[in-house]
Amino acid sequence: MSASTRRGATARRSTRTRHRSRGTIWRRRAVVAAILGAGIAFALSQIDVEKAIKEITLPLQHEDIIRQQAADKDVPADLIAAVIYNESRFRDQTSHAGARGLMQITPSTAQVIERLSGGQTFKFDDLSNPDINIRYGTFYLRYLIQKFGDNEIAALAAYNAGETNVAAWGGSSLSLDDIPFPETRNYVENVLDKRDEYARHYRHELGLD
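A brief look at the structure comes next. (Residues numbered from 1 in each chain as written. Predicted model: local features only at pLDDT ≥ 70, side-chain atom pairs only at ≥ 80, totals over all residues. Heavy atoms only, no water.)

Description of a negative patch on the surface
At step 1: On the surface, Asp177, Asp178, Glu189, Asp193 and Asp196 cluster together into a patch of negative charge.
At step 2: Along the chain, the position of aspartate 193 falls in helix α9 (residues 182-201).
At step 3: For aspartate 193, a relative accessible area of 46% corresponds to the partly exposed category. (Patch = residues over 30% accessible without salt bridge, like charges linked within 9 Å, V, L, I, M, F, W, Y side chains within 5 Å. Areas by Shrake-Rupley, 256 points an atom, 1.4 Å probe, with all protein chains shown as cover. Salt bridge = Lys/Arg side-chain N within 4 Å of Asp/Glu carboxyl O. Lys, Arg positive; Asp, Glu negative; His and termini not counted. Charge placed at Lys NZ, Arg CZ, Asp CG, Glu CD. Helix = DSSP H or I, 4+ residues; strand = E, 2+ residues; numbered from the N terminus. Buried < 20%, exposed > 50% of the residue type's maximum accessible area, 1.4 Å probe, protein only.)

Shown next, in the form of structure tokens:
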């Protein structure tokens, strides 16, 4: 066999070897991809998609505090949850007006609550504590509901726009149509809508069963 023939044969064997090596690599990659794909598919199958969506679109946190305050202050738990959703989406934050925490309580309102409840230890930073914030907010809701003759529409309007405005709009006889501020009317409507959703989707968590 000539030298050129041997070189040609060697080159062909080298080419076949490279092709086999590449084929082996691709097969291995395909196997790994299949395994990973199966693993991801299995993991996704274990996720309750509906629950995940609900936790994003209708979050609920601190339900133990909400239940406790609802029972203690005789305010419906689904109403408390709906107010928190509309005020903060269950996130601790401070508004431009200085309202703080889950139920967006201003320092002046917190001091009114302290006075009405007989407390004397209020500090602004306390409002970042979910327990204290929900306690204060629920107390204030109870106060407004009682002040306006168990009219929850009036109480919610006062929570958003203040007691003085609600008293001028009709007080305990206030209806949605009586609210002249579009922002406040939308606020009350949104709270009532979310209340229905919380009652429907979180009955057990909120102790409504």
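Quick notes on the pattern of salt bridges
At step 1: In the structure shown here, the tally under the stated rule is 10 salt bridges.
At step 2: The salt bridge involving arginine 195 is made with aspartate 78; its shortest N-O contact spans 3.4 Å. With arginine 195 in helix α9 and aspartate 78 in helix α4 (residues 77-88), this residue pair connects regions lying 117 residues apart in the sequence.
At step 3: Among the salt bridges present, the one from lysine 147 reaches glutamate 163, with a minimum N-O distance of 3.6 Å. Taken together, the residues lysine 147 in helix α6 (residues 130-147) and glutamate 163 in helix α8 (residues 163-169) connect sequence positions 16 residues apart.
At step 4: Overlapping salt bridges bring together Asp74, Arg142 and Asp150 as one network.

Remarks on the nonpolar core
At step 1: With 46 residues, the main nonpolar core has Ile66, Met103, Tyr159 and Tyr198 as its most contacted residues.
At step 2: Listing elements by their share of this core, those giving two or more residues are α3 (63-73), α4, α5 (107-117), α6, α7 (152-161), α8 and α9.
At step 3: Excluding anything up to four places from it in sequence, tyrosine 159 contacts Val83, Glu87, Met103, Ile105, Gly137, Tyr140, Leu141, Leu144 and Tyr187. (Core = buried A, V, L, I, M, F, W, Y, C linked by side-chain atoms within 4.5 Å. Contact = heavy atoms within 4.5 Å.)

That's the geometry; what it means functionally is another story.
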